[in-house]
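What follows is the residue order along each chain.
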Amino acid sequence: MECLNCGTKLQQGDICPNCGMDVSVYKKIMHMSNFYYNEGLAKANVRDFTGAIESLKKSLYFNKKNIVARNVLGLVYFEMGETVSALSEWVISKNFRAERNPADKYLRELQKNPGQLEAINQTIKKYNQAIAYCQEGSEDMAIIQLKKVISMNSKMVRAHQLLALLYMKEGKYENAAKYLKAAEQIDVNNTTTMRYQKELREQMKNVKHKKEDKISYQSGNDTIIQPSHVFREHSITSMVINLLVGVAIGVAITCFLVVPSIRHNMVSDKKAEINEANSTVTTKEQTITSLKSQVKDLKKEAEKAKKEKEASAQRLTSYSKVIEAYAAYIKEDTQTATAALEQVKTEDLDETTKAIYDQTNTELQTKMMDTWYAEGTKAYNSYDYQNAVANLQQVVNVDEQYGEGYALYYLAQSLRRTENLEKALPYYQRVVELYPGSERARTAQMYLDQNPGAAGSTGGSMGSDAESTVTETETMTNTN
Amino acid sequence: MIDFEEELKKYKPSPEVEEAEETIRNHDMTDMTDILLEMMQQSRNEKRR
């Protein structure tokens, strides 16, 4: 036992050894809680569940943290078919003590079997439906539902009691007695069961008295009841007359009472069957809806997992391509490095790898530009203008001012010399704009003046005139 | 003699498993220890005054 003020473990005395508080009242409260727990346990052991619940509730009223009392209360509820109340007690118990608590085991046992939990819930729903039928006055339907409830959960005391009550109301005392006995076997001292049994005994006594005043016998499917002390005539004529009258009455009863009654019973039975079928259909529909929802959720999850897998594969590819590009770059295999880098998606990379990617890409680009420019100028000097265009075009696409604008200028020259004057003119224009006053600008301007408005029709002859001028005036310069 | 109509009215719907949370929330958790603590607190407050 711990002090309620400071939490120190208490000794035999009434004073807390740590904070000096008087704990005599607190100790009495704890003793009372334990006393009622013991009482409740003793009652539960002899199946006096009503008494046990009362004692255990008292125990918890004194000490709500009495874990054993709360767990036993849950077990008693569970034994009486009150599963939700049992669950509530165990959850509260677990909340008070999370470690080494038997309630944890009880809850796990229930959660481990979702089918059992679903069956319990279905039982409760049917029980509630039976109550609704009672309120609507459909007592025959309520009886059907309650029979189902008891077949699914034979421990549910309240269902037994309600069914017995309905049978008593209908005058079916033997059935009522059967269900009250079952309820008594589950919970021996239940006051409601005992009250109903007392009522049942009185009702049956009255019926017995009435029976003694009558003579009843079976005639086919009918029970014939007649007073025991009646005047009887024994002459043959009166016997015949009585016989005829009896036959006439019998025919009349058959026509006006028995046949409609049989029809009415058949209609009632059919109605009950239809209601039962409807109930089954509703349950199945609920199950189907639930399963459909599960399938939908699983499909979504599968799709999400597939997307994540694809994204992971893409991310992995990007990383491997960065590594491949870096390895190729180290070996100075620029083509492989460039090809690898082109396949990288930068959004897949983390910051460190992105920095490696950027550095490799920048260095590679610089190297490629140098290579293209060297190849281009070499081709230009060897009069291989097609090749020169191919290489210099790549340089200019990235940086038009590369090599102080010589790449741009030689590209224009190469294009002009491959009979592509129209394509060359915009590059000449850029040379004039970027490097005004240079020899290149003057030459470019000359070609622009010779081809005003980029007229393709005159380009050929003018180009050939200009060519001699350029070859004379320009000296090839490789800045790199 | 039981009044069947009145007796039937005493039967209330049982809470379903989905309603267990609500049942726990509505559970009155006050015990004698809480009352004792409250009384001690009141006594301390009065002494301070």
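Model, not experiment: these values are computed from the prediction.

The rules we used
Residues numbered from 1 in each chain as written. Chains lettered and ligands numbered in written order. Predicted model: local features only at pLDDT ≥ 70, side-chain atom pairs only at ≥ 80, totals over all residues. Heavy atoms only, no water. Helix = DSSP H or I, 4+ residues; strand = E, 2+ residues; numbered from the N terminus. Buried < 20%, exposed > 50% of the residue type's maximum accessible area, 1.4 Å probe, protein only. Contact = heavy atoms within 4.5 Å. Polar contact = N/O pair within 3.5 Å; in protein donor to acceptor, adjacent residues only side chain to side chain. Phe/Tyr/Trp six-rings, centres within 6.5 Å; stacked < 30°, edge-to-face > 60°. Lys NZ or Arg CZ within 6 Å of the ring centre and 35° of its normal. Axes fitted to C-alpha atoms, helices over the stretch in contact; angles between N-to-C directions. Left-handed = near helix turned anticlockwise from the far one by under 90°. Nonpolar A, V, L, I, M, F, W, Y, C, P; charged D, E, K, R; others polar. Expected span 1.5 Å × (residues − 1). Bend = angle between axes of the 7 residues up to and from the residue. Patch = residues over 30% accessible without salt bridge, like charges linked within 9 Å, V, L, I, M, F, W, Y side chains within 5 Å. Areas by Shrake-Rupley, 256 points an atom, 1.4 Å probe, with all protein chains shown as cover. Salt bridge = Lys/Arg side-chain N within 4 Å of Asp/Glu carboxyl O. Buried area = accessible area lost by both parts, 1.4 Å probe.

### What about the overall build of chain A?
Next up, step 1: Looking only at helices and strands, one finds 18 helices and 2 strands in chain A.
Next up, step 2: Counting only residues that meet the buried cut, chain A has 36% of its 480 residues in that class.
Next up, step 3: The contacts of chain A with a sequence gap of at least 6 include a subset with a gap of at least 24, amounting to 48%.

### Regarding the side chain of A:S59
Residue and element names in this part refer to chain A.
Next up, step 1: Topologically, S59 is positioned in helix α2 (residues 49-62).
Next up, step 2: Note on S59: relative accessible area 0%, which makes it buried.
Next up, step 3: For S59, the side chain forms a polar contact with the main-chain oxygen of S33, separated by 2.8 Å.
Next up, step 4: Those residues in contact with S59 that lie beyond four places of it in its chain are S33, Y36, Y37, N66 and A69.

### Observations concerning the packing of aromatic side chains
Residue and element names in this part refer to chain A.
Next up, step 1: Under the criterion given, the structure shown has 13 aromatic pairs over all chains.
Next up, step 2: With 6.3 Å between their ring centres and 75° between their planes, Y383 and Y385 make a pair best called edge-to-face.
Next up, step 3: Take Y383: its relative accessible area is 62%, and that puts it in the exposed class.
Next up, step 4: Note on Y385: relative accessible area 12%, which makes it buried.
Next up, step 5: The ring of Y406 has R440 sitting right over it, with the charged end atom 3.9 Å from the ring centre.
Next up, step 6: Positioned above the aromatic ring of Y435 is the side chain of R440, whose terminal nitrogen or guanidinium carbon lies 4.8 Å from the ring centre.

### Some details on the packing of helix α7 (residues 139-152) of chain A against helix α8 (residues 157-170) of chain A
All names here are of chain A.
Next up, step 1: Interhelical geometry of α7 versus α8 gives an angle of 145° and a closest axis separation of 10 Å. Of the two elements, α7 crosses α8, and the hand of that crossing is left-handed. Across from E139, D140, A142, I143, L146, K147, V149 and I150 in α7, the residues of α8 making contact are A159, H160, L162, L163, L166, Y167, K169 and E170.
Next up, step 2: When its residues are assigned to classes, the contact of α7 with α8 shows 10 nonpolar, 1 polar and 5 charged.

### So, helix α11 (residues 236-330) of chain A
All names here are of chain A.
Next up, step 1: The end-to-end C-alpha distance of α11, which contains 95 residues, comes to 134 Å, matching closely the 141 Å that a straight helix rising 1.5 Å per residue would cover.
Next up, step 2: Along α11, the helix axis deviates most sharply at T254, where the bend reaches about 40°.
Next up, step 3: Structurally, α11 contributes buried residues whose contacts are with α6 (114-136), α7, α12 (334-342) and α13 (351-381).
Next up, step 4: Positive phi appears at E332, one or two residues downstream of α11, with a value of about 65°.

### Considerations on a nonpolar patch on the surface
Next up, step 1: On the surface, A:I241, A:V245, A:I249, A:I253, A:F256 and A:L257 cluster together to form a nonpolar patch covering roughly 590 Å² of accessible area.
Next up, step 2: You can see A:V245 is positioned in helix α11.

### Considerations on unusual backbone geometry
All names here are of chain A.
Next up, step 1: In the Ramachandran plot, R47 falls in the positive-phi region, its phi being about 60° despite a non-glycine side chain.
Next up, step 2: Structurally, R47 can be placed in the loop between α1 (24-45) and α2.
Next up, step 3: On the accessibility criterion, R47 (30% relative accessible area) is partly exposed.
Next up, step 4: Phi at E419 takes a positive value of approximately 60°, unusual for a residue other than glycine.
Next up, step 5: Structurally, E419 can be placed in the loop between α15 (406-417) and α16 (421-434).

### Quick look at the interface of chain A and chain B
Next up, step 1: The interface is formed by 42 residues belonging to chain A together with 30 residues belonging to chain B.
Next up, step 2: Between chain A and chain B, the buried area comes to about 3200 Å², and carbon and sulfur atoms account for 65% of it.
Next up, step 3: Across the chain A-chain B interface, the total number found is 3 salt bridges.
Next up, step 4: Ionic pairing is found between A:K64 and B:D34, a salt bridge with its closest N-O pair at 2.8 Å.
Next up, step 5: Summed over the shared surface of chain A and chain B, the number is 15 residue pairs in polar contact (both at pLDDT 80 or more).
Next up, step 6: Broken down by secondary-structure element, the contributors of at least two residues to the side of chain A that touches chain B are α1, α2, α4 (83-96), α6, α8 and α10 (191-212) of chain A.
Next up, step 7: Sorting elements by how many residues they give to the side of chain A that touches chain B places α6(A) first, with 8 residues.
Next up, step 8: Each residue belonging to the side of chain A that touches chain B can be placed in one class, and the counts come to 24 nonpolar, 8 polar and 10 charged.

### Looking at the pattern of salt bridges
Next up, step 1: Summed over all chains, the structure comprises 25 salt bridges over all chains.
Next up, step 2: Across the pair A:K169 and B:E5 runs a salt bridge whose closest N-O atoms are separated by 2.7 Å. Residue A:K169 is located in helix α8, and its partner B:E5 is located in helix α1 (residues 4-9); the two belong to separate chains.
Next up, step 3: The partner of A:E170 in a salt bridge is A:K172, with the nearest N and O atoms 3.5 Å apart.

Take it as geometry only, folks, not as evidence of what the structure does.
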